[in-house]
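Summary of the model geometry
Below are the chains, spelled out letter by letter.
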Amino acid sequence: MSQRRSRGGQSQPQSQGRGRGKRSAASDTLVGEGEDDDITFTQPSTSQVQRGLEKLTQAQVDQKTAEVVQYFLVKDQKKLPIRRSDLVKHVVVKEYRNVYPEILKRASQIFEQVFGLKLVEIDTKNHIYILINKLETAEGASLDTPTNPKMGLLFVILSTIFMKGGAVKESLIWNTLKKLRVDQGEKHEEFGDVKKVVTDEFVRQRYLEYVRIPHTEPIEHEFHWGQRAELEVSKIKILEFMGQIHDQDPKTWSQPYREATSNTQASTSSQR
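Overview of the structure. (Residues numbered from 1 in each chain as written. Predicted model: local features only at pLDDT ≥ 70, side-chain atom pairs only at ≥ 80, totals over all residues. Heavy atoms only, no water.)

**Quick word on helix H9 (residues 170–179)**
As a reminder of what qualifies: A 1.4 Å probe rolled over the protein chains alone gives each residue an accessible area, and that area as a share of the maximum for its type sets the label: buried under 20%, exposed over 50%, partly exposed in between. Numbering of helices and strands runs from the N terminus, with a helix taken as a DSSP run of H or I at least four residues long and a strand as a DSSP run of E at least two residues long. By definition, the arc is the one covered by directions from the helix axis to the C-beta atoms. Should any heavy atoms of two residues lie within 4.5 Å, those residues are counted as being in contact.
Within H9, the full set of buried residues consists of Glu170, Ile173, Trp174 and Leu177. Around the axis of H9, the buried residues are gathered within 95° of arc, so they sit on the same side. Packed against the buried residues of H9 are helix H8 (149–163), strand E7 (168–169), helix H10 (194–204), strand E10 (208–212) and strand E11 (221–225). A positive phi of about 65° marks Arg181, the residue just after H9.

**Describing the packing of aromatic side chains**
What counts here: Pairing of aromatic side chains here covers Phe, Tyr and the six-membered ring of Trp, requires ring centres within 6.5 Å, and sorts the geometry by plane angle: under 30 degrees stacked, over 60 edge-to-face, intermediate tilted.
Going through the model one piece at a time under the given rule, you end up with 4 aromatic pairs. Centre to centre, the rings of Phe72 and Tyr129 are 6.3 Å apart; their planes meet at 80°, and the pair counts as edge-to-face. With Phe72 in helix H4 (residues 58–76) and Tyr129 in strand E6 (residues 128–133), the pair connects residues that are 57 residues apart, well separated along the chain. For Phe72, a relative accessible area of 0% gives the class buried.

**A closer look at the nonpolar core**
To keep things clear, this is the line we draw: Side-chain atoms within 4.5 Å are what join buried Ala, Val, Leu, Ile, Met, Phe, Trp, Tyr and Cys residues into a set we call a nonpolar core.
Ranked by size, the top nonpolar core spans 32 residues in total, and within it Leu153, Ile157, Val198, Phe202 and Leu208 carry the most contacts. In terms of residue count, H8 provides more of this core than any other element does, 9 residues in total. Ignoring any residue separated from it by four or fewer positions in sequence, one finds Ile157 in contact with Ile173, Leu177, Val198, Phe202 and Leu208. Val49, Val69, Tyr100 and Phe111 belong to the second largest nonpolar core, which has 24 residues in total.

**With respect to the side chain of Lys235**
Applicable threshold: The term polar contact refers here to a pair of N or O atoms within 3.5 Å; inside protein, the definition further demands a hydrogen-donor-capable atom paired with an acceptor-capable atom, and it admits residues adjacent in sequence only when both atoms are side-chain atoms.
Structurally, Lys235 is set in helix H12 (residues 235–246). One polar contact links Lys235 to Glu230, side chain to side chain, over a distance of 3.5 Å.

Written as structure tokens, this is what we have:
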């Protein structure tokens, strides 16, 4: 996966798309918070984990695992990524840090076996995690049929980005939404501040990337699919959605159709 530089100078993974810009301040803030705390935490070795477990009772480990699970579930209600530094600081306190890998392993098993969720580390450098719906993504995607108006708004934006090749100027997104009577300059009865929802909330949730286009004056931005969208959203379903809107066979969009089917095949293979 290719890399690009954020405003903080750190290397960040880039999702598919043609842009080579900088991330917005919203996504920079998410990664930047808590990084100093994480510097002091060193991933323990297997032998350190084993020695740490010998000093704790099974009940203590189970209780701490339950606390980690609860922490993730509360954070996931707003679809916000979780940083390791926050886990270590607020949940896995000092006496449990040597057994952190074991606790995270057990929490991951609980998510899969009890909740049908999969714990995914989307940023291995800054150790940032999200939960995705394992049961739904095995069949396609968790956003196949948006369950509320806000997810419907997101689905329209993701569809536009995909059909335009993976990167779309911000102005085109607003023009598209305006045709649906969603105007960034007006408070919407369902979404409130639409611009904040699109450029801040969806970016923080990692559904979208809001990227500055280099060498533009005045400054322009474009949108890409975010890491969560790449994991949760089926591009075949996007094409089917667009086909219904335009009364057109999805196969007539040859390039998007090839990309969607190749992604579906790759996803199926990885789940076997």
